[in-house]
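# Observations on the three-dimensional arrangement
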Amino acid sequence: MSDQAGNARSLAKLRDTLRKTDRHQGVLKAVHTLRRMAPGGGELSEVAPTSDRASDRIARLIREVGADQASATRELGLTAIQVWQALATTRGIGRNNAEVTILFTDLVGFSEWALKVGDDHVLRLLRQVEGVSETAISRHSGSVVKSLGDGLMAVFADTASAIEAAHEACTAVSAITLDGYRPQLRTGLHCGHPRKVGRDYVGVDVNVAARVAAAAGGGEVLVSGPALANVDTDRYTVRRRRGFRAKGTPADLEVYSVVPRYGEDPATPVNRG
């Protein structure tokens with residue numbers, strides 16, 4: 001009987017420890033940070049309470065378990081669903097010749113700065129820039145195609161999400177400081193039907209997106225006319241980049257500087273310049 005009583009006390013103590021750990025503020029904070037860093041950026045793509053998609057049903061069940069108490073275990077479960085949904089979305093980008101929005105980024109003036117500092121500084125900066133850029137892209141359901149030294153290429157199924165990711169990346173990069181140097185990211189977007197080859201994309205539309213990005217200024221998001229046609233321009237301040245010309249792009253291609261209008265009156269006229 002004494003062994004049974006001892007085992008019962010040990011199990012009760014273990015349950016109590018696990019319960020306290022599950023609700024510990026430090027553990028909860030760590031799990032919340034993990035969710036923000038994981039693919040999907042802390043957001044589930046559940047579209048409606050009545051959605052019959054398997055991942056949505058599981059997410060609702062997880063949320064209902066002990067919903068009145070904070071729980072690290074519940075958050076980890078939702079993180080798993082979030083990653084599942086994000087990866088399922090990115091795997092479908094570009095399949096069956098579907099239209100995609102292509103994003104290119106790079107740092108303004110990076111080469112000149114890199115010549116003045118050592119490799120250690122360059123690598124530290126690139127790791128930070130890549131980290132915040134990939135986080136922004138993942139948060140908005142984009143997929144990084146490849147790294148391009150001081151920039152990258154990514155694709156999105158949705159142009160509005162690509163614009164949000166580009167602005168988030170520009171803002172995050174501008175907050176980085178390395179020995180007094182503050183990098184500036186420039187970005188460009190174009191949409192089309194590039195050919196998917198393995199994990200990469202090739203074709204004229206890819207080249208156009210790269211040219212649009214190369215014309216952007218520091219902290220600027222340039223969007224081609226075809227890509228801008230996919231979004232509700234009332235959500236943005238839009239200014240046409242006059243005189244845009246770039247080798248390898250259509251002569252009549254128009255590009256626009258686009259800024260999300262957070263908190264602004266959507267009734268204010270959009271300036272297409």
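So, here's what we can say about the structure. Nothing here was measured: the structure is a model prediction, and the numbers come from that model. The residue numbering used here restarts from 1 in each chain and proceeds along that chain's sequence as written. Selection of residues for local features in this predicted model requires a pLDDT of at least 70, selection of side-chain atom pairs for listing and counting requires 80 or more, and totals for whole chains, interfaces and linings are taken over all residues. Excluded from the side-chain calculations are hydrogens and water; all other atoms, namely the structure's heavy atoms, are used.

### Thoughts on helix α8 (residues 204-214)
Among all positions of α8, only Val206, Val208, Ala209, Val212 and Ala213 are buried. Burial along α8 is one-sided: seen end-on, the buried residues are contained in an arc of 160°. Residue contacts are defined here by distance: any two heavy atoms, one from each residue, within 4.5 Å place the two residues in contact. Helical segments are the DSSP runs of H or I of at least four residues, strand segments are the runs of E of at least two, and each set is numbered from the N terminus. The inward-facing, buried residues of α8 contact β1 (100-107), β3 (152-156), β4 (185-192), β6 (200-202), β7 (221-224) and β9 (255-260). Here's how the labels work: a residue is buried when its accessible area is under 20% of the maximum for its type, exposed when over 50%, partly exposed in between, all with a 1.4 Å probe on protein chains only. Within this analysis, the arc is defined by the directions that extend from the helix axis to the C-beta atoms.

### Quick word on the nonpolar core
Grouping buried Ala, Val, Leu, Ile, Met, Phe, Trp, Tyr and Cys residues that are joined through side-chain atoms within 4.5 Å yields what is termed a nonpolar core. Grouped together as the largest cluster of nonpolar side chains are 36 residues, with contacts concentrated most on Leu107, Leu125, Leu189, Val223 and Val258. For this core, the element with the highest residue contribution is helix α7 (residues 159-174), accounting for 8 residues. In this structure Leu125 touches Leu107, Phe110, Trp113, Ile176, Leu178, Tyr181 and Pro183, once residues within four positions along its chain are discounted. Within the second largest apolar cluster, 10 residues are counted, among which are Val100, Ile102, Val145 and Ala213.

### Details of the pattern of salt bridges
Every case where a carboxyl oxygen of Asp or Glu lies within 4 Å of a side-chain nitrogen of Lys or Arg is listed as a salt bridge. In total, this model carries 6 salt bridges according to the counting rule given. A salt bridge links Arg241 to Glu220; the shortest N-O distance between them is 2.7 Å. Here Arg241 is found in the loop between β8 (236-240) and β9, whereas its partner Glu220 is found in the loop between α8 and β7, with 21 residues between them in sequence. Note on Glu220: relative accessible area 15%, which makes it buried.

### Re the environment of Ala169
The topology assignment puts Ala169 in helix α7. Each C-alpha atom, one on Ala169 and one on Thr135, is 8.1 Å from the other, the two residues being 34 residues apart in sequence. Discounting chain neighbours no more than four positions away, the residues touching Ala169 are Ser133, Ala136 and Leu185.

### With respect to the packing of aromatic side chains
The geometry of two aromatic rings is summed up by the distance between their centres and the angle between their planes. In this scheme Phe, Tyr and Trp rings, the latter by its six-membered ring, pair at centre separations within 6.5 Å, and the angle between planes marks the pair as stacked below 30 degrees, edge-to-face above 60, and tilted otherwise. Per the stated rule, a full pass over the model turns up 2 aromatic pairs. Summarising the aromatic geometry, the rings of Phe110 and Trp113 are spaced 6.1 Å apart at their centres and angled 45° between planes, so their arrangement reads as tilted. Of this pair, Phe110 and Trp113 both sit in helix α5 (residues 110-116), separated by 3 residues, roughly a single helical turn. Residue classification places Phe110 among the buried residues on the basis of a relative accessible area of 11%. The interplanar angle of 10° and the centroid separation of 4.4 Å between the aromatic rings of Trp113 and Tyr181 together place this pair among those described as stacked. Here Trp113, found in helix α5, pairs with Tyr181, found in the loop between α7 and β4; they are 68 residues apart in sequence, far enough to count as distant. Note on Trp113: relative accessible area 9%, which makes it buried. Grouped by ring-pair contacts, the aromatic residues Phe110, Trp113 and Tyr181 constitute a single cluster.

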